[in-house]
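Architecture at a glance
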Amino acid sequence: MRVVTTFCSVFQWAIVLPLEITVASFTIYFWTSDVHVAVWITMFLLVIIFVNVFGVLGYGEEEFWSSALKLSAIVIFMIIGLVLVCGGGPSNGIYDKYWGARLWYDPGAFQNGFKGFCSVFVTAAFAFSGTELVGLAAAESRTPLKSLPSAVKQVFWRITLFYILALLFVGLLVSSEDERLLGANPYIDAQASPFVLAAQDAGLIGFDSFMNVVILVSVISIGNSGVYGGSRTLTALAEQGYAPKIFSYVDRAGRPLISTITIIAFGGLAYLGVAKSGVEIFDWLQALSGLAALFTWGSICLAHVRFRNAWRHQGRSLDDIPFKAIGGVYGSYIGVGLIVLVLIAQFYVAIWPPGGGVNDAEGFFKAYLALPVVMFFWACGYFWKREGWLKLDQIDLDSGRREIDWEAHRKEQEKRRNASLPMRIIYFMF
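Residues numbered from 1 in each chain as written. Predicted model: local features only at pLDDT ≥ 70, side-chain atom pairs only at ≥ 80, totals over all residues. Heavy atoms only, no water.

- Per an unreviewed UniProt entry, the recorded name for the protein is Amino acid permease/ SLC12A domain-containing protein, and the organism is Exophiala oligosperma.
- Recorded in UniProt for the protein, the comment headed Subcellular location (unreviewed entry) runs: "Membrane". (UniProt positions renumbered as here; feature names shortened; annotations may be inferred.)

Examining the overall build of the protein
- A count of helical and extended segments in the protein gives 16 helices and 0 strands.
- Counting across all 430 residues of the protein, residues that qualify as buried make up 42%.
- Counting contacts in the protein only where the partners sit at least 6 residues apart, residues at least 24 apart contribute 75% of the total.
- Carbon and sulfur atoms make up 67% of the accessible area of the protein, which amounts to about 22900 Å² in all. (Helix = DSSP H or I, 4+ residues; strand = E, 2+ residues; numbered from the N terminus. Buried < 20%, exposed > 50% of the residue type's maximum accessible area, 1.4 Å probe, protein only. Contact = heavy atoms within 4.5 Å. Areas by Shrake-Rupley, 256 points an atom, 1.4 Å probe, with all protein chains shown as cover.)

Some thoughts on the packing of aromatic side chains
- Under the criterion given, the structure shown has 16 aromatic pairs.
- Each ring, one from Phe347 and one from Phe364, has its centre 5.8 Å from the other, and the planes form 85 degrees; the classification is edge-to-face. Linking Phe347 in helix α12 (residues 328–351) with Phe364 in helix α13 (residues 361–368), this pair joins segments that are 17 residues apart in sequence.
- Grouping aromatic residues by their ring pairs yields a cluster made of Phe347, Phe364, Phe365 and Tyr368.
- When the ring centre of Trp99 is taken as origin, the NZ or CZ atom of Arg102, which lies over that ring, is 4.1 Å away.
- A cation over a ring is seen here: Arg316 above Trp311, with NZ or CZ 5.1 Å from the ring centre. (Phe/Tyr/Trp six-rings, centres within 6.5 Å; stacked < 30°, edge-to-face > 60°. Lys NZ or Arg CZ within 6 Å of the ring centre and 35° of its normal.)

Details of the environment of Asn309
- With respect to the element layout, Asn309 can be found in helix α11 (residues 278–313).
- You can call Asn309 buried: its relative accessible area is 17%.
- In this structure the C-alpha to C-alpha distance between Asn309 and Val329, which are 20 residues apart in sequence, comes to 8.9 Å.
- For Asn309, the residues in contact, after removing those within four places along its chain, are Tyr333 and Leu392.

A look at helix α2 (residues 37–53)
- When the terminal C-alpha atoms of α2 are compared, their 25 Å separation across 17 residues agrees well with the 24 Å that a helix rising 1.5 Å per residue should span.
- Immediately downstream of α2, the backbone of Gly55 shows phi near 65 degrees, a positive value. (Expected span 1.5 Å × (residues − 1).)

Observations concerning the pattern of salt bridges
- Under the defined criterion, the tally for this structure stands at 2 salt bridges.
- Among the salt bridges present, the one from Asp251 reaches Arg255, with a minimum N-O distance of 2.8 Å.
- Assessed through its relative accessible area of 11%, Asp251 is described here as buried.
- For Glu414, the salt bridge identified is with Arg417, shortest N-O distance 2.8 Å. Residue Glu414 and its partner Arg417 are both found in helix α15 (residues 406–417); the two are separated by 3 residues, about one turn of the helix. (Salt bridge = Lys/Arg side-chain N within 4 Å of Asp/Glu carboxyl O.)

Quick look at unusual backbone geometry
- Pro107 follows Asp106 through a cis peptide bond whose omega is 15 degrees.
- Locating Pro107 in the fold gives a position in the loop between α3 (55–85) and α4 (113–119).

Some words on the packing of α2 against α3
- The geometry of α2 relative to α3 is characterised by a closest axis approach of 6 Å and an angle of 120 degrees between their N-to-C directions. When the interaxial angle is binned, α2 and α3 end up oblique. Seen from α2, the contacting residues are Val51, Asn52 and Val53; seen from α3, they are Gly55, Gly58, Tyr59 and Glu62.
- Looking at side-chain class alone, the contact of α2 with α3 contains 3 nonpolar, 3 polar and 1 charged residues. (Axes fitted to C-alpha atoms, helices over the stretch in contact; angles between N-to-C directions. Parallel < 35°, antiparallel > 145°, perpendicular 65-115°, else oblique. Nonpolar A, V, L, I, M, F, W, Y, C, P; charged D, E, K, R; others polar.)

Let's talk about the nonpolar core
- With 50 residues, the main nonpolar core has Ile21, Phe44, Phe77, Leu173 and Phe195 as its most contacted residues.
- Elements that contribute at least two residues to this core include exactly α1 (2–27), α2, α3, α7 (144–173), α8 (194–201), α9 (207–239), α10 (257–265) and α11.
- With residues up to four places along the chain from it excluded, the contact list for Phe195 reads Ile74, Phe77, Ala166, Val170, Met211 and Ile215.
- In terms of nonpolar packing, the next biggest core, distinct from the first, is built from 16 residues, Ala125, Val342, Ala350 and Ala367 among them. (Core = buried A, V, L, I, M, F, W, Y, C linked by side-chain atoms within 4.5 Å.)

Considerations on the confidence of the model for the protein
- Averaged over every residue, the pLDDT of the protein is 80; the share at 70 or more is 89%.
- For the protein, the element scoring lowest by mean pLDDT is helix α6 (residues 133–139), at 67; α10 scores highest, at 90. (pLDDT = per-residue confidence, 0-100.)

Some points on the environment of Ile334
- Structurally, Ile334 can be placed in helix α12.
- Taking the relative accessible area as the measure of exposure, Ile334 reaches 53% and is therefore exposed.
- Put simply, Ile334 and Cys301 are 33 residues apart on the chain and 8.7 Å apart in space, counted from C-alpha to C-alpha.

Comments concerning the packing of α3 against α9
- At a closest axis distance of 9 Å, the pairing of α3 and α9 adopts a crossing angle of 145 degrees. For α3 against α9, the interelement crossing comes out left-handed. Of the residues in α9, those touching α3 at Val56, Tyr59, Glu62, Glu63, Ser66, Leu69, Lys70, Ala73, Ile76, Phe77 and Ile80 are Phe207, Phe210, Met211, Val214, Val217, Ser218, Ser221, Asn224, Ser225, Tyr228 and Arg232.
- Taken together, the residues that form the contact of α3 with α9 break down as 13 nonpolar, 5 polar and 4 charged. (Left-handed = near helix turned anticlockwise from the far one by under 90°.)

Below, the structure is given as structure tokens:
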């Protein structure tokens, strides 16, 4: 099952890089369309190459500073968003009177009903993809026993507080029918993010450009994460024998050099955005990446279920696992179930789209192209190794495990159990 996970992850990250570079080039349209888009694509590719020259150190530093910028910007946006919704915007904007939830009634929060709700799953999955990188980063962490539990909990709170709340304010402030949104109207050059449009409509001079800079940094950061995640998973496949051995090469600095170069090479697909149908190409790449993320998450959940079943089957104790997810194995069962429901819903709207009627072949594959691609890679892995579904007693639970200082771990657990109530709450949450 972990092979399916890594195949899905490599495919997802390989597509993420050109997709994010394409998005980054689109963000420049907010300021100018005089410079050819190929210039920006080249510049962004060079930036990603430069960061990856420094390996995990470069990735870590870039992620730290870009995350600090994104976090600060989102907090500022949510405070401003609350003020704007309540009607506290400047007089030169449209939010100088109580705004409220009027856009949830006209044009409506759920466009096209249930079909419309199902049709955005791929876009939503694309937006949330990358949260699984915490597991990859743990493999290169010097203290995974200490840093991994904290990182996992922080990912949950970041998604809940910053993703969900920020999108709530976006939905309240910007109409889904706004023709300035990316892809809404091919005849408008200044296409932008709803975060930028909210700042622009509020009359906050300069804040719209600031938010566009933050979005530009964010998409470059995600593209860089794609290189990091894709190269590591491709190297893992090679080490397991599911990819050519050349991809397992790691230089003296700890960089999976061949894998990194290969993933960066996929960034060349961004030059397809030079064509007049750049937004159309963006839609295809987004469909590939978003659905691949769903397969990745589903296979991760299923791999966890299989791991825990094999752990029990082979007579191991849960006390021998230093970190256990809050929801346990039941959370992974729920995760698999939700992913299956989402895939069924996406298949439904791929055949019968929100606009009515039956979709043509182009429309279907734009919504569901990742399925045959993922199945193709799975088949390649199967025929490469001639190894299918493993029985529980065949699953290797020891290869790659790190030695753990159990005495120090038990002391830390005892300290947390005996802490005061406020500290126990903090330990539970963070």
